[in-house]
There are 2 protein chains.
Amino acid sequence: MPLKIPDVVIGRLPNYYRQLTELRAAGVNTVSSQEIGEALDVTPAQIRKDLSYFGRFGKQGRGYPVDRLTDELESILGFNRHWRMVLVGGGGVGRTIASLNDGSFRPSGFDVVRVYDSDPSRVGNTVNGIDVRDLASIDADMREDPIEIAILATSGAVAQDIVDVLVRAGVCSILNYTSVVVQTPPGVEVRHVNPLLALQTLTYHLANPTDPLATR
Amino acid sequence: MPLKIPDVVIGRLPNYYRQLTELRAAGVNTVSSQEIGEALDVTPAQIRKDLSYFGRFGKQGRGYPVDRLTDELESILGFNRHWRMVLVGGGGVGRTIASLNDGSFRPSGFDVVRVYDSDPSRVGNTVNGIDVRDLASIDADMREDPIEIAILATSGAVAQDIVDVLVRAGVCSILNYTSVVVQTPPGVEVRHVNPLLALQTLTYHLANPTDPLATR
């Protein structure tokens, strides 16, 4: 892979992939950057540029081969693999997340296989059929059976401490449900899925509706 | 506001704001771009550039005045206002979202005030003390009492249809909990807070760990 691929490009690839799987399911053989772009509200030029990071697909004027491009994106994005995850936090949010295992996560290759909590009243319970383990055992568990993806569904007050524990235990991808923006060393990726953080990026546009130059 | 402000800059402002409120609470009067940057893993140059969109704060070599910068960001971001929201979807995810009203949303100026569902078995129930209304009444309700922010917590299958309804009813900011990337007309902002979408942007890094040029 000769070029450094910006995160913003990687962030768009799953959208292209979803669009392509729909086209493939509909029996479409080739698709133009314009057709992909229309459905996703991205310019054709942007799509061609994004996909060019991953080598040459398709020929000028003929469009992209749907099958080959889908397979290629699936492999690049790791969607053809099975990803095991640990969940930290066995409270209400944790239970909602664990309940996504069957209908949402597993069909897409993700699976919460261990749940941790440090609250003695929760340790030993089950969450969607998974035993809640003591967070104190995570280091030992990870040495025996490493898992790279963690979902953080604790209170914000302990978020950074738990992230430090997770990173020491070898986790390198974290899905953060708390409202705390946590710090991680280079190589550890964090995604925030907190509604408050997301809402706080929406109000700028609402608070500044008369700005005629505002970007979408 | 003379310059077009990129969404990526607006996305970083809440982080600066949170950092500044902590400094203000700790009694700090001035702060350098370097100090803000260290805590947030952003370069000082980036911070100076981001803040320069909003006019001149502070003097060369003296740092930013914490109080004034915090107030300014609060006003720019609309955090000094009260934002009412509608929630569509009174199922499990909807109930979890509504339960955020007391501890998370309201202290930050957000408030779910109406809940809608189209399932007759849910209409008439209450969710965190809020009556679940029939989605069919949303147009009339919005004419009488307009609300600009909606949270979408339905199944993905109906997501786009409901977004179309919301947009027609005057909603211009949508927090989307479904795994469907919905389309909206210009001027309507959408944020996705779906764990699967977020996970799918993490696996690229896990699937390509040996790429020495990969960006963080």
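We now turn to the structure provided with this report.

So, on to the relation of the copies chain A and chain B. Structural alignment of chain A on chain B gives an RMSD of 0.0 Å, achieved by rotating through 180° and translating 0.0 Å along the axis. In symmetry terms, the pair is related by a two-fold rotation axis. Taking C-alpha positions as the reference, the residue of chain A nearest the rotation axis is Val-193 of chain A, at 2.5 Å. Take the interface residues of chain A: 100% of them recur as interface residues in chain B, which is what a same-surface contact looks like.

Turning our eyes to something else, we now look at the interface of chain A and chain B. Each partner contributes residues to the interface: chain A has 66 residues there, and chain B has 66 residues. Summed over both partners, the interface of chain A with chain B buries about 5700 Å², with 64% contributed by carbon and sulfur atoms. Seen at the junction of chain A and chain B, the total is zero salt bridges. Within the side of chain A that touches chain B, the residues separate by chemical class into 37 nonpolar, 19 polar and 10 charged.

Let's shift gears to the packing of aromatic side chains. All names here are of chain A. If you walk through the whole model with that rule in mind, you get two aromatic pairs over all chains. When the centroid spacing of 5.0 Å and the interplanar angle of 75° are considered together, the rings of Tyr-17 and Phe-79 count as edge-to-face. Pair noted here: Tyr-17 is in helix α1 (residues 7–25) and Phe-79 is in the loop between α4 (66–77) and β3 (83–88), with a separation of 62 residues, a long-range link. Neither residue differs from the other here; Tyr-17 and Phe-79 are each classed as buried.

This part is about the sheet that holds strand β4 (residues 110–117) of chain A. All names here are of chain A. The mixed open sheet is built from seven strands, whose spatial order is β5-β6-β4-β3-β7-β8-β9. Strand pairing shows two members of the sheet lacking a second neighbour, β5 (126–127) and β9 (189–192), which therefore form its edges. Sheet topology places β3 next to strand β7 (residues 149–152); four bridges connect them, and they run parallel. Following the sheet pairing, Val-88 is matched in β7 by Leu-152. Where helix α8 (residues 159–168) meets the sheet, it contacts β3, β7 and β8 (173–176), and its direction lies at approximately 170° from that of β7.

What follows is about the sheet that holds strand β4 (residues 110–117) of chain B. Residues and elements named next belong to chain B. Across the sheet, seven strands lie side by side as β5-β6-β4-β3-β7-β8-β9; this open sheet has mixed pairing. This sheet does not close on itself; its edge strands, each paired only once, are β5 (126–127) and β9 (189–192). Judged from the two bridges that link them, β5 and strand β6 (residues 130–134) form a sheet pairing that is antiparallel. Of the residues in β6, the one forming a bridge with Thr-126 is Asp-131. The strands touched by helix α8 (residues 159–168) are β3 (83–88), β7 (149–152) and β8 (173–176); relative to β7, the strand with the most contacts, the crossing angle is about 170°.

Take helix α3 (residues 44–52) of chain B next. Taken residue by residue, α3 of chain B has Ile-47, Asp-50 and Leu-51 of chain B as its buried positions. Summarising the axial view, the buried residues of α3 of chain B lie within an arc of 90°, below the 170-degree limit, and thus occupy one face.

We now examine the pattern of salt bridges. Pairing of side chains with opposite charge becomes possible as their charged atoms draw close. Tallying each qualifying case throughout the model produces 20 salt bridges over all chains. Note that Asp-67 of chain A is salt-bridged to Arg-24 of chain A, the shortest N-O span being 3.4 Å. Here the residue Asp-67 of chain A occupies a position in helix α4, and Arg-24 of chain A occupies one in helix α1, the gap between them amounting to 43 residues. By relative accessible area, which is 47% here, Asp-67 of chain A ends up partly exposed. In this structure, the salt-bridge partner of Arg-106 of chain B is Asp-111 of chain B, at a minimum N-O distance of 2.9 Å. A cluster of three or more residues bridged by salt bridges with shared partners is formed by Arg-24, Asp-67 and Asp-71 of chain A.

Moving on, we come to the packing of helix α1 (residues 7–25) of chain B against helix α4 (residues 66–77) of chain B. Residue and element names in this part refer to chain B. Between α1 and α4, whose axes approach to 9 Å, the crossing angle comes to 140°. When the axes of α1 and α4 are compared, the pair comes out oblique. Seen from above, α1 lies across α4 with left-handed handedness. Mapping the contact onto sequence places Ile-10, Leu-13, Pro-14, Tyr-16, Tyr-17, Leu-20, Thr-21, Leu-23 and Arg-24 in α1 and Val-66, Asp-67, Leu-69, Thr-70, Asp-71, Leu-73, Glu-74, Ile-76 and Leu-77 in α4. For the contact of α1 with α4, the class distribution of residues is 12 nonpolar, two polar and four charged.

All names here are of chain B. The N-to-C vectors of helix α2 (residues 33–40) and α3 enclose an angle of 110°; their axes lie 8 Å apart at closest approach. By the angle between their directions, the pair α2 and α3 is classed as roughly perpendicular. Crossing of α2 over α3 shows right-handed handedness. Residues Ser-33, Gln-34, Ile-36 and Gly-37 of α2 pack against Pro-44, Ile-47 and Arg-48 of α3. Residues of the contact of α2 with α3, tallied by class, amount to three nonpolar, three polar and one charged.

About the thresholds
Residues numbered from 1 in each chain as written. Chains lettered and ligands numbered in written order. Predicted model: local features only at pLDDT ≥ 70, side-chain atom pairs only at ≥ 80, totals over all residues. Heavy atoms only, no water. Least-squares fit on C-alpha atoms with pLDDT ≥ 70 in both. Contact = heavy atoms within 4.5 Å. Buried area = accessible area lost by both parts, 1.4 Å probe. Salt bridge = Lys/Arg side-chain N within 4 Å of Asp/Glu carboxyl O. Nonpolar A, V, L, I, M, F, W, Y, C, P; charged D, E, K, R; others polar. Phe/Tyr/Trp six-rings, centres within 6.5 Å; stacked < 30°, edge-to-face > 60°. Helix = DSSP H or I, 4+ residues; strand = E, 2+ residues; numbered from the N terminus. Buried < 20%, exposed > 50% of the residue type's maximum accessible area, 1.4 Å probe, protein only. Pairing = 2+ DSSP bridges. Axes fitted to C-alpha atoms, helices over the stretch in contact; angles between N-to-C directions. Arc of directions from axis to C-beta. Parallel < 35°, antiparallel > 145°, perpendicular 65-115°, else oblique. Left-handed = near helix turned anticlockwise from the far one by under 90°.

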